[in-house]
Amino acid sequence: MDTIFALASARGKAGVSVIRVSGPNAFEIAHKLSGAVPQHRQSSLRKIKDLRGAVIDEALILGFEAEKSFTGEQVVEFHVHGSQAITARLLKLLGEFGDTRLAEPGEFTRRALQNDRLDLAQVEGLSDLIDAETEAQRQQAMRVFSGSLGSLVEGWRRDLIRARALLEATIDFADEEVPVDVRPEVGALIADVSADLEREAAGAVFAERVREGFEVALVGPPNVGKSTLLNALAGRDAAITSEIEGTTRDIIEVRMDLGGLPVTILDTAGLRETTDVVESMGIQRTRDRASDADLRVFLKPSVDHQPDLKMKDGDIELVTKADVNEGGDISALSGQGIDRLTKQISDVLASRSAQSSVATRERHRVAIIQALEALKFAQEELDQGLERSEIAAEELRSATRSLESLVGRVDVEALLDEIFSSFCIGK
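Residues numbered from 1 in each chain as written. Predicted model: local features only at pLDDT ≥ 70, side-chain atom pairs only at ≥ 80, totals over all residues. Heavy atoms only, no water.

A. Local environment of the overall build of the protein chain. The number of helices and strands found in the protein chain is 13 helices and 11 strands. Counting every position in the protein chain, which comprises 427 residues, the buried fraction comes to 48%. The contacts of the protein chain with a sequence gap of at least 6 include a subset with a gap of at least 24, amounting to 62%. For the protein chain, the computed accessible surface area is about 21000 Å², with 49% contributed by carbon and sulfur atoms. (Helix = DSSP H or I, 4+ residues; strand = E, 2+ residues; numbered from the N terminus. Buried < 20%, exposed > 50% of the residue type's maximum accessible area, 1.4 Å probe, protein only. Contact = heavy atoms within 4.5 Å. Areas by Shrake-Rupley, 256 points an atom, 1.4 Å probe, with all protein chains shown as cover.)

This is the structure we're talking about:
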């Protein structure tokens, strides 16, 4: 492979900038620029000089041996002063070596995958960790990056290989009397793996919401105070408020952190009958978006007002304008009930996120469902007798391949370019 290099820290002026070099000639290049490379994971303050001996900067140099580095190759990091001129000069100098080139987006991580330092699920976890905005997202991404999903897959794979081996033994001795009926043990292995996969598939829905963010829709009739409440929750004037009914025509979104969870609050058009074409479009969008939202907060002008949409488990009903409305639950103007509402929303979403699994993406869920279907067919074949062992074994093999795709062992080449393109250069 080529020796690659890139700025691994954020661009622009900073206290320190990190330039990473990885590849078979990383140590040799570093030696030419700053002298002998420090021993593994040790640092040394050195002068960096160009090929004519002119000093570029005085920097901290770190060396990582191939067997112990992030990429699985020789890695050197130059921690230089965060001047744009210094980083530009050093990057230009690294490009002047005949066997180096600037890294592509995500190429350092891709080499870690190719050199078996990470599996594909860990790569996705690293991507989510970099993008994490809230504590819940960080914790979830860290679980995946640490290899939790890979460990589960290895356990499931081991059980299915055991089940296949038992069945294939009956195939090998089909003409002889097999002393033990292996179906009970095989069936137990299939049942145990299937139960685990069903839990993971169910939890994947909640895990994906933690990764991408929950949606909470504020719904109710016109002038009930939805936009004012949105502004109060956001702490700014995100939506126009007016005493004129029908002011909100389109959906306004504000993203925030509630109790460590990523939440997007939706301010929606007031629900009512109208002949205004534009307002009608907004109302229909409200109905569609509210139906898909993870949670709805129904705002009512009075206790006896009936919501225009069907409530679901966890939805919240509140009477607004408590500052002037006797019996009201919340007032966006005075702040009454705001803290209680945010806690209610956080509690409902936290209970759902607690059910999340380490399968965090739709790709994971699809692979798990495919494995479950194959296991179901395997059990059905097994129920018909040992003469169907060969077909059952093939279904177990199919289930194993689906699970192996989770960590990148098979059938994922088409995904790699898409996954790594989302990484920044230098990671």
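B. Looking closely at the pairing of strand β2 (residues 16-22). Taken across its 7 residues, β2 has 6 buried, putting it largely inside the fold. Where strand β1 (residues 3-7) meets β2, 4 bridges bridge the pair, whose relative direction is antiparallel. From the neighbouring strand, I4 faces β2, where its bridge partner is S22. As defined by bridge partners, β2 adjoins strand β5 (residues 75-81) across 7 bridges and the pair is classed as antiparallel. (Pairing = 2+ DSSP bridges.)

C. Layout of the sheet that holds strand β7 (residues 214-219). Read from one edge of the open sheet, 5 strands run β8-β9-β7-β10-β11, paired in mixed fashion. Each end of this open sheet is capped by a strand with a single partner; those strands are β8 (252-258) and β11 (316-319). Between one strand axis and the next, the sheet turns through 25 degrees on average, direction left out of account. Relative to strand β10 (residues 295-300), β7 runs parallel, the two sharing 4 bridges. Bridge pairing in β10 places V216 opposite L295. (Axes fitted to C-alpha atoms, helices over the stretch in contact; angles between N-to-C directions.)

D. Molecular detail of helix α8 (residues 226-234). Buried residues of α8: K226, S227, L229, L230, N231 and L233, and no others. Of the surrounding secondary structure, the elements contacted by the buried residues of α8 are β7, β8, β9 (261-267), β10 and α10 (338-353). Downstream of α8 by one or two residues, G235 has phi in the positive range, about 75 degrees.

E. A look at the pairing of β10. Most of β10 sits out of view: 6 of its 6 residues are buried. Burial of the side chains of β10 extends over both faces: L295, V297 and L299 are buried on one face and R296, F298 and K300 on the other. Here β10 runs beside β11; their pairing, made up of 4 bridges, is parallel. Paired with L299 across the strands is L318, a residue of β11.

F. Quick look at the packing of helix α7 (residues 183-212) against helix α11 (residues 362-383). Between α7 and α11, whose axes approach to 9 Å, the crossing angle comes to 155 degrees. Between α7 and α11, the angle is such that the two are roughly antiparallel. In this structure, the crossing between α7 and α11 has a hand that is left-handed. Each residue belonging to the contact of α7 with α11 can be placed in one class, and the counts come to 13 nonpolar, 3 polar and 6 charged. (Parallel < 35°, antiparallel > 145°, perpendicular 65-115°, else oblique. Left-handed = near helix turned anticlockwise from the far one by under 90°. Nonpolar A, V, L, I, M, F, W, Y, C, P; charged D, E, K, R; others polar.)

G. Broad picture of unusual backbone geometry. For D116, which is not glycine, the phi dihedral falls at a positive 60 degrees. Within the secondary structure layout, D116 lies in the loop between α3 (107-114) and α4 (120-131). What makes D116 exposed here is its relative accessible area of 70%. Backbone geometry at K321 places phi at a positive 55 degrees, although glycine is not the residue there. Its place among the elements puts K321 in the loop between β11 and α10.

H. Looking closely at the sheet that holds strand β4 (residues 55-64). Taken in spatial order, the 6 strands line up as β3-β4-β5-β2-β1-β6 in an open sheet, and their pairing is mixed. Among the strands making up the open sheet, the edge pair consists of β3 (43-49) and β6 (100-102). Adjacent strand axes in the sheet meet at a mean angle of 30 degrees when their direction is disregarded. With 5 bridges joining them, β4 and β5 adopt antiparallel strand pairing. Its bridge partner lying in β5, G63 is registered against V76. Relative to β2, helix α2 (residues 84-94) is tilted by about 10 degrees, and along the sheet it contacts β1, β2, β3, β4, β5 and β6. Those strands touched by α3 are β1, β2 and β6, and its axis lies near 140 degrees from that of β1.

I. Geometry of the environment of A293. Looking at where A293 falls in the secondary structure, it is placed in the loop between α9 (277-292) and β10. Look at A293 and you get buried, because its relative accessible area is 6%. Sequence separation of A293 and L218 is 75 residues, and the distance between their C-alpha atoms is 9.9 Å. Setting aside its immediate chain neighbours within four residues, A293 contacts E215 and A217.

J. Spotlight on the nonpolar core. L167, V186, L197, L375, L396 and L403 are the most contacted members of the largest nonpolar core, which has 34 residues in total. The set of elements that each furnish at least two residues to this core consists of α6 (148-172), α7, α11 and α12 (389-404). Considering each element in turn, this core owes the most residues, 8 residues, to α11. Once residues within four sequence positions are removed from consideration, L403 is found in contact with V153, W156, L160, L197 and A371. Formed by 25 residues, the second largest nonpolar core is a distinct cluster that contains M256, I316, I338 and I345. (Core = buried A, V, L, I, M, F, W, Y, C linked by side-chain atoms within 4.5 Å.)

K. Local environment of α4. The first and last C-alpha atoms of α4 sit 17 Å apart over 12 residues, in line with the 16 Å expected at 1.5 Å per residue. The element α4 is extensively covered by neighbouring structure, given that 9 of its 12 residues are classed as buried. Listing the buried residues of α4 in full gives L120, A121, Q122, V123, E124, G125, L126, S127 and D128. The N-terminus of α4 is capped by D119, whose side-chain oxygen sits 3.0 Å from the backbone nitrogen of A121. (Expected span 1.5 Å × (residues − 1). Polar contact = N/O pair within 3.5 Å; in protein donor to acceptor, adjacent residues only side chain to side chain.)

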